Amino acid sequence: MFSLMANCCNWLKRWQEPVRKVTLIMVGLDNAGKTATVRGIQGESPEDVAPTVGFSKIDLKQGRFEVTIFDLGGGKRIRNIWRNYYAESYGVIFVVDSSDIERMEETKQAMIEVLNSPKISGKPMLVLANKQDREGALSEADVIESLSLEKLVNEHKCLCQIEPCSAVMGCGKKIDKSIKNGLYWLLHIIAKDFDALNERIQRDTTEQKAYEEQKKQERAERVRRLREEREREEGRGVPDEADFGPGNCENPFQPIATVISENEKQIEKEKKRQRLETERATVVLKSPTGQEQMDVEHLSRSSSQQTNDYRLDTCKSTQQLQNEEESEQQASECLDSDNSKKKKKTKLKRGHRVEPVNSEDTVPQNPTPPPPLPPDFCGKPLPPLTIRQRPNGDIHDVIA
Ligand code: GDP
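Values in this document were obtained by computation on a predicted structure and should not be read as measured data.

Attention now moves to the overall build of the protein. When its secondary structure is counted, the protein shows 15 helices and 6 strands. Per-residue burial over the protein gives 36% buried out of 400 residues. Contacts in the protein between residues far apart in sequence, at least 24 positions, make up 75% of those at least 6 positions apart.

Taking 1.5 Å of rise per residue, the 13 residues of helix 3 (residues 104-116) would be expected to cover 18 Å, and the 18 Å separating its terminal C-alpha atoms lies within 8% of that figure. Residues of helix 3 that are buried include every one of Met104, Thr107, Lys108, Ala110, Met111, Val114 and Leu115, and no others. Down the axis of helix 3, the buried set is contained in an arc of 165°. They therefore lie on one face. Contact partners of the buried residues in helix 3: strand 4 (91-97), strand 5 (125-130), helix 4 (140-147) and helix 5 (149-155).

Right, let's talk about the site of the ligand for a bit. Around the ligand, a shell composed of 17 residues is seen, among which Asn31, Lys34, Thr35, Ala36 and Asp133 lie nearest. Between the ligand and Ala32 there is a distance of 3.1 Å, counted from an oxygen atom to a backbone nitrogen or oxygen. A distance of 3.2 Å is found between an oxygen atom of the ligand and a side-chain nitrogen or oxygen belonging to Ser166. The fraction of the free accessible surface of the ligand (570 Å²) that becomes covered by protein chains is 84%.

For the rest of this paragraph, the subject is the confidence of the model for the protein. Looking at the protein, the pLDDT average stands at 74 and 61% of residues meet or exceed 70. Confidence drops under a pLDDT of 50 for residues 245-249, and excluding neighbours within four residues, the segment shows 4 contacts in the predicted structure.

In this section: the pattern of salt bridges. Where charged atoms from two side chains of opposite charge come close, those side chains can pair. Within the structure shown, the criterion is met by 14 salt bridges. Across the pair Arg79 and Asp30 runs a salt bridge, and its minimum N-O distance is 3.7 Å. Within this pair, whereas Arg79 is found in the loop between strand 3 (65-72) and strand 4, its partner Asp30 is found in the loop between strand 1 (20-27) and helix 2 (34-42), the two being separated by 49 residues in sequence. For Asp30, a relative accessible area of 31% corresponds to the partly exposed category. Its salt-bridge partner being Asp204, residue Arg200 comes within 3.7 Å of it at the nearest N-O pair. With Arg200 and Asp204 both in helix 7 (residues 194-233), this residue pair falls 4 residues apart, about one helical turn. Exposure remark for Arg200: the relative accessible area of 17% places this residue in the buried category. For Asp204, a relative accessible area of 8% translates into the label buried. Through salt bridges that share partners, Asp30, Arg79, Arg103 and Glu106 make up one connected network.

Attention now moves to the state of the cysteines. Scanning the entire structure with this criterion turns up 0 disulfides. With no disulfide of its own, Cys158 has Cys160 as its nearest cysteine by sulfur position, at a separation of 8.0 Å.

Okay, the sheet that holds strand 2 (residues 55-62) next. Spatial ordering of the open sheet is given by 2-3-1-4-5-6, a layout of 6 strands whose pairing is mixed. At either margin of the open sheet sits one strand with a lone partner, and together these are strand 2 and strand 6 (160-164). On average, each strand axis in the sheet is inclined to that of its neighbour by 20°, with strand direction left out of account. Inspection of the sheet shows strand 2 paired to strand 3 by 8 bridges, in the antiparallel sense. Opposite Ile58, over in strand 3, you have Ile69 as the bridge partner. Along the sheet face, helix 6 (residues 177-192) touches strand 1, strand 2, strand 3, strand 4, strand 5 and strand 6 and points at about 170° away from the line of strand 5.

Position of Leu29 relative to the elements: it lies in the loop between strand 1 and helix 2. Placed 47 residues apart in sequence, Leu29 and Lys76 show a C-alpha to C-alpha distance of 7.8 Å. Sequence-distant contacts of Leu29, defined by excluding residues within four places in its chain, comprise Lys34, Gly74, Arg79, Val95, Arg103, Glu106, Thr107 and Ala110.

Time to look at the side chain of Thr23. For Thr23, the position within the fold is in strand 1. Leaving out residues up to four positions away in the same chain, Thr23 has contacts with Thr68, Phe70, Glu88, Ser89, Tyr90 and Gly91.

Definitions and limits used
All chains use their own residue numbering, which begins from 1 and follows the written sequence. Predicted model: local features are reported for residues with pLDDT of at least 70 only, side-chain atom pairs are reported and counted for 80 or more only, and whole-chain, interface and lining totals are derived from all residues. Hydrogens and water molecules were not included; the side-chain quantities draw on all heavy atoms of the structure. Each helix is a run of H or I in the DSSP string that is no shorter than four residues. Each strand is a run of E no shorter than two, and both are numbered from the N terminus. Think of it in three bands: with a 1.4 Å probe and only protein chains considered, a residue is buried below 20% of the maximum accessible area for its type, exposed above 50%, and partly exposed in between. Should any heavy atoms of two residues lie within 4.5 Å, those residues are considered in contact. To estimate the expected span of a helix, subtract one from its residue number and multiply by 1.5 Å. When we speak of the arc, we mean the arc of directions from the helix axis to the C-beta atoms. Near, as used in this document, describes a residue that has one of its heavy atoms within 4 Å of the molecule or strand being considered. Polar contacts, as used here, are pairs of N or O atoms within 3.5 Å; protein pairs need one atom able to donate a hydrogen and one able to accept it. Residues neighboring in sequence count only if both atoms are side-chain atoms. All accessible-area figures derive from a Shrake-Rupley calculation using a 1.4 Å probe, and residue coverage is judged against the displayed protein chains alone. Scored from 0 to 100, pLDDT reflects the predictor's confidence in each residue. By definition, a salt bridge exists where a carboxyl oxygen of Asp or Glu is found within 4 Å of a side-chain nitrogen of Lys or Arg. Whenever a pair of cysteine sulfur atoms sits within 2.5 Å, that pair is classed as a disulfide. DSSP bridges decide pairing: two strands pair if at least two such bridges lie between them. Axis lines are fitted through C-alpha atoms, for helices just across the contact stretch, and the angle between N-to-C directions can take any value from 0 to 180 degrees.

This is the structure we're talking about:
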């Protein structure tokens, strides 16, 4: 009767307890069986687990506890991330692969590292001597001895319990009872001293956050200084944000459509310029004789003949200045020059004889008049002899 009443009182007391949020860390070497253990606790199959990269987090409800367990990767290179979780941790679950005797020393060193941290010492630690199902696995006593566990926990004033277990034996409600018992023990110890532990954790996490914030600022400052130094070395100042405003600097990355239209405009300008030059040359060299006129026109056309477009443009411009008959003739000449390169060359040779723009300036005044025409001449009058006999080295250069 008395014990029944005591049980009722205990139940009532526990029911009145507030829900407590507790964070635990699960550490140990890689391949020790941490993820398999966590999955078993969660009720998931512990078989075929992938190695933990970084960490994984699970949340579970255990009585009046809301428990968060951080399963931290155990690879040599990432073990130093463990310390980032010490401050907020109420207790430690250390998983040992009892079948891996060769790595016992490494396991011991890893455990010393954890317990050496002032943020961990004094907190409870559950040691899971895992993989007991494997042949040759060390017994509980052998693990204690291999790790010098008693000495270690006494040194760091950590309450400790060791549970020989197998994470792959079952999951959920069928999980290895040793794991279940170990978890109960840990939560029980935490509950016993919850207020003091909670106060310490609040203090430690505030400190840790301030420390992390400071480190972050220091890092940012270092990066800023490095960037400034590099920019100084490169001989340019740090640009103002205003420098990047619209119109302040040209964006080197223009849309391709803009670039194309700019190029087209330039080509058009160039064409116009050449057309004007051609027209000017044609007007200046307008000779009273038809043959000479044709020679000059052809030369001016030829000098700008670099592409088919240019040839057509030249033909068009001369059409504006000539009468219909001449235009037809020119058009046929243009076509001819397109069709036969050989023919074009011949005409170009003829063009060598005439300086298109400066002919009047450079041609020396011939005091002797041209000889009289033969009486039987009935074709087109020949151009003045002085022009025809002029050396044309310059023109040749221009055309060539
Ligand atoms: P972690 O790196 O510590 O997270 O280790 P894992 O949980 O990934 O387990 C590593 C390997 O050991 C996996 O192949 C698991 O299936 C296996 N393993 C984990 N626990 C046990 C166990 O108790 N017994 C046996 N035989 N194998 C286990």
